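# Survey of secondary and tertiary structure
Take a look at the letters that make up each chain.
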Amino acid sequence: MKFGKEFTAQMVPEWQEAYMDYIQLKSLLKEIQRFKQITKPPTTPDGLKRKLTLYRAFSGLTQRNNRPTGPSSVTNDIESQAIFVNSVNNGGSQSYQTTFLMSSDEGGEYELVYFRRLDDELNKVNKFYKAKVDEVMKEAAMLNKQMDALIAFRIKVEKPEGGFDSSHGPSSDESSDDKDDKENEIVNPKVREQKPKNLKANRPAPLEILSHVKMNNTLETPRSTIKGLLKHPMHTELNYTRENLRKVEDQLKPAFVEFYQKLRLLKNYSFLNTLAFSKIMKKYDKITSRKASKSYMKMVDNSYFGSSDEITKLMERAEATFIKHFSNSNRTDGMKVLRPQAIRERHRITFSTGFLAGCSVALILALILIVRARKLMAKKEAIQYMDNVFPLYSLFGFIVLHMIMFAANIYFWRRYRVNYSFIFGFKQGSELGYLEVLLLSFGLAVLALTCVLLNLDMEVDSTTKDYGTYTELLPLILVLLVLFILFCPFNIMYRTSRFFFLTCVFHCICAPLYKVTLLDFFLADQFTSQVQALRSLEFYICYFGWGDFKQRLHNCEASNVYNTFLFIVALIPYWSRLLQCLRRLFEEKDPMQGYNGIKYFLTIVAVSLRTAYSLDKGMGWKSLAWVSSVIAAMVSTYWDLVIDWGLLQRRSKNRWLRDKLLIHNKSVYFGAMVLNVLLRFAWMQTVLGLKVSFLHTKSLVAIVASLEIIRRGMWNFFRLENEHLNNVGKYRAFKSVPLPFNYDEDEDKDE
């Protein structure tokens, strides 16, 4: 792989604007090369050069330096210098400037432009790196204070031998030494090693610090939300129990892991940029036949990001601290947590996914052939089957289609380097790849299609006129199996991802009692596109709960209770999103959240009126459903394109699009906008009452619901692309981890 591609592949996605622009500098070198090729006379063929070297004088095997070292050689070196590099102090910040000494040469203006751009890139990288180092140094100081409190808390709980009461602390000299040790515990990795191993070093940490510390209530619960509304203090007095000690350790552990990841990325940032400057200067020397790389790289090595060793020291001390305090001094276990291994693509997953995909296709073909060969749709039982059994199995079709669309999203997010794992807040190394999602979706598809074939043409018992009980229960058994796997507490079938999903679902249901994260409202938006699937679950309860499955008949729509829940079930996802918007409006004071809430309120009205029209069929309901649906569709479409996708910007350098795009082919964005509009209005057929002669009503409803799922899958990619670009613009590459302790001075600052 060429260095340019490798360089791009190893960038932190959110920092890509802060890296050296290797591609731009390479294009400037190509212009220099193109000019030299036009103006340079023909050269001796390489073969002739190779032959001529065979006749040069032999320099010997042991002679190290044949160059003269007298004054004349020094003068020649100075005269052959192409550049002069120096640093300039601008208002306290150091910048670097290169003076090109050969600008009078033919084509020198091209090289002059190149070095100006090169200096700009060097200063940009240096400034960004220094700012990030300052940030992690402040965070290290904060973690030092947290560790002081943790060690003192641990002494109070475990009461080890040699512990001492806070009222009888050590002498002032000892206290001073211990304090110096602890304050430099993370910032300066060499302090502990330089201290003599005497009694002072073995002294436990002083406990006076606990008198200035309170516990942060970082766990977000409905109870904490209610307390917050009642202005209840968010900090509590310390309670020295082992349970609280475990909670503190569990909170500090991910904080250290996240801090260490920042250090690793910063170190990699420094290394990659140094390597990039070295590579580009070697290319310059090769193209221009000058020897400027040595002088320039000396300046790069002397720059802050090239010479600073703070990050390396911090990494060493962070490793030592984490291994000692959070992995029981077991370096192997500690480093596994600090440096988790990337998930390797397993051949068995690829094989299993392909096998199940082939089985799904084969079962679909078998289903089509059986229906055509036996002419099942021409029989009178076909209408009964479509009315009663088809809605049961269409549920699995909706779920499988949504999972396939999500797998496609993951594939394209990875291809275009959208950091979806960070945006969603997935635990590093635990997120599912697109192959794992496809494996689950095709596995469910195989089970559902097998049940459809077994349940397709059942014979009726001649005496009881009932269908086979066990075979009619197949869809219910499959639903129960899926729910069992989803809630199974054992470590099977991606337990971490399942529990993560269930937690987010619970947050959506309990809105607005939980703080709204991006993943929470993203998942709630997915449910707004699965209204028909939720109604299918309601139909399951009616069909099997009332025993109608034995005759393949149901009277659900004649029940007022069923019709009432038909409204409620359809509105639950939109109501959840409305409450999430209100929570964010209350917390963030962002008026856009209020406008977003109005959008969902209009959708709630439209869905309610469409449901009422589907039950009543009156002209009044139809008119109201028409008006509300059109208004809701127009508002939602505008919000999708302008707010969620960030498109339709007239003053953008990419007209009607964004300034920054991940997909180079702009027609993709225009096609997506058109498709979004068409699919947004696809469900208007429920108001128009359109019918297709060769399609059953239930089939038409399923197709329209599937089109909405496809639209949502397309929306997912561009929504996260826009979020990713916003993070890139603000260089947000890390999540904030709440800390367990709150110091009195921190509380004063907040106030």
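Residues numbered from 1 in each chain as written. Predicted model: local features only at pLDDT ≥ 70, side-chain atom pairs only at ≥ 80, totals over all residues. Heavy atoms only, no water.

### As for empty space enclosed by the protein
A complete count under the given rule lists one cavity of 30 Å³ or more for this structure. Quantified by volume, the largest cavity comes out at close to 40 Å³. Taken together, the residues of the lining of the largest cavity break down into four nonpolar, two polar and two charged. (1 Å grid on protein atoms, 1.4 Å probe; cavity = no way out; pocket = protein on both sides within 12 Å on 5 of 7 lines; lining within 4 Å. Points joined across faces, edges and corners; volume = space filled by probe spheres on them. Nonpolar A, V, L, I, M, F, W, Y, C, P; charged D, E, K, R; others polar.)

### Details of the packing of aromatic side chains
Enumeration according to the criterion identifies 41 aromatic pairs in this entry. Between the aromatic rings of Phe322 and Phe326, the centroid separation amounts to 5.5 Å while the plane-to-plane angle is 35°, which identifies the pairing as tilted. Taken as a pair, Phe322 and Phe326 lie in helix α12 (residues 310-326) at a separation of four residues, close to a single helical turn. For Phe322, a relative accessible area of 0% corresponds to the buried category. Three or more aromatic residues joined by ring pairs form one cluster here, namely Phe3, Phe7, Trp15, Tyr19, Tyr22, Phe128, Tyr129, Tyr269 and Tyr304. Cation over ring: Lys156 sits above Tyr240, and NZ or CZ is 5.1 Å from the ring centre. The ring of Phe586 is capped by Lys589, whose NZ or CZ atom sits 5.0 Å from the centre of that ring. (Phe/Tyr/Trp six-rings, centres within 6.5 Å; stacked < 30°, edge-to-face > 60°. Helix = DSSP H or I, 4+ residues; strand = E, 2+ residues; numbered from the N terminus. Buried < 20%, exposed > 50% of the residue type's maximum accessible area, 1.4 Å probe, protein only. Lys NZ or Arg CZ within 6 Å of the ring centre and 35° of its normal.)

### Looking at unusual backbone geometry
The linkage connecting Ala511 with the following residue, Pro512, adopts the cis geometry, with an omega of 10°. One non-glycine residue, Ser329, lies in positive phi territory at about 60°. Tracing the backbone shows Ser329 in the loop between α12 and α13 (331-338). The backbone of Trp656 shows a phi angle near 70°, a positive value even though the residue is not glycine. Among the secondary structure elements, Trp656 is positioned in the loop between α26 (619-644) and α27 (667-680). Taking relative accessible area as the criterion, Trp656 reaches 35% and is therefore assigned partly exposed.

### What about the confidence of the model for the protein chain?
Taken as a whole, the protein chain shows an average pLDDT of 81; of its residues, 80% reach a score of 70 or greater. The model gives residues 189-201 a pLDDT under 50, and that stretch makes 16 contacts with residues more than four places away or in other chains. (pLDDT = per-residue confidence, 0-100. Contact = heavy atoms within 4.5 Å.)

### Some thoughts on the side chain of Glu319
Relative to the helices and strands, Glu319 resides in helix α12. Among the polar contacts listed, one links the side chain of Glu319 to the side chain of Arg331, at a separation of 3.3 Å. In contact with Glu319, not counting residues within four places along its chain, are Tyr260, Arg331, Met335, Leu338 and Arg339. (Polar contact = N/O pair within 3.5 Å; in protein donor to acceptor, adjacent residues only side chain to side chain.)

### A few points about a nonpolar patch on the surface
A contiguous nonpolar surface patch, about 480 Å² in accessible area, is contributed by Met592, Tyr595, Ile598, Tyr638 and Ile643. Those elements giving two or more residues to the nonpolar patch turn out to be α25 (591-616) and α26. A per-element tally of the nonpolar patch places α25 first, with three residues. (Patch = residues over 30% accessible without salt bridge, like charges linked within 9 Å, V, L, I, M, F, W, Y side chains within 5 Å. Areas by Shrake-Rupley, 256 points an atom, 1.4 Å probe, with all protein chains shown as cover. Salt bridge = Lys/Arg side-chain N within 4 Å of Asp/Glu carboxyl O.)

### A few points about the pattern of salt bridges
Across all of its chains, the model carries 26 salt bridges by this definition. With its nearest N and O atoms 3.0 Å apart, the salt bridge here joins Glu708 to Arg711. With Glu708 and Arg711 both in helix α29 (residues 697-730) and three residues apart, this pair spans about one turn of that helix. Summarising the burial analysis for this pair, Glu708 and Arg711 share the class buried. Each of Asp21, Arg117, Glu121 and Lys124 takes part in one network of salt bridges that share partners.

### Focus on the nonpolar core
In this structure, Trp413, Phe424, Trp645 and Leu720 are the most contacted members of the largest nonpolar core, which totals 79 residues. Tallying contributions element by element places helix α18 (residues 434-454) first for this core, with 12 residues. The contact partners of Trp645, leaving out residues within four places of it in the chain, are Asp640, Arg658, Ala672, Met673, Asn676, Met714, Trp715, Phe718, Arg719 and Asn722. The next biggest cluster of nonpolar side chains, apart from the first, holds 78 residues, and it includes Ile83, Leu143, Leu252 and Leu739. (Core = buried A, V, L, I, M, F, W, Y, C linked by side-chain atoms within 4.5 Å.)

### Section: the state of the cysteines
This structure, assessed with the given rule, holds one disulfide. Across the disulfide from Cys542 sits Cys556; the S-S distance is 1.7 Å. Residues Cys542 and Cys556 share a disulfide whose torsion about the S-S bond is about -105°; that sign makes it left-handed. Separated by 14 residues along the polypeptide, Cys542 in helix α23 (residues 531-545) and Cys556 in the loop between α23 and α24 (560-588) bring together distant segments of the chain. Here Cys542 and Cys556 have matching classes, each one buried. With no disulfide partner, Cys510 has as its closest neighbouring cysteine sulfur the one in Cys508, 9.6 Å distant. (Disulfide = S-S within 2.5 Å.)

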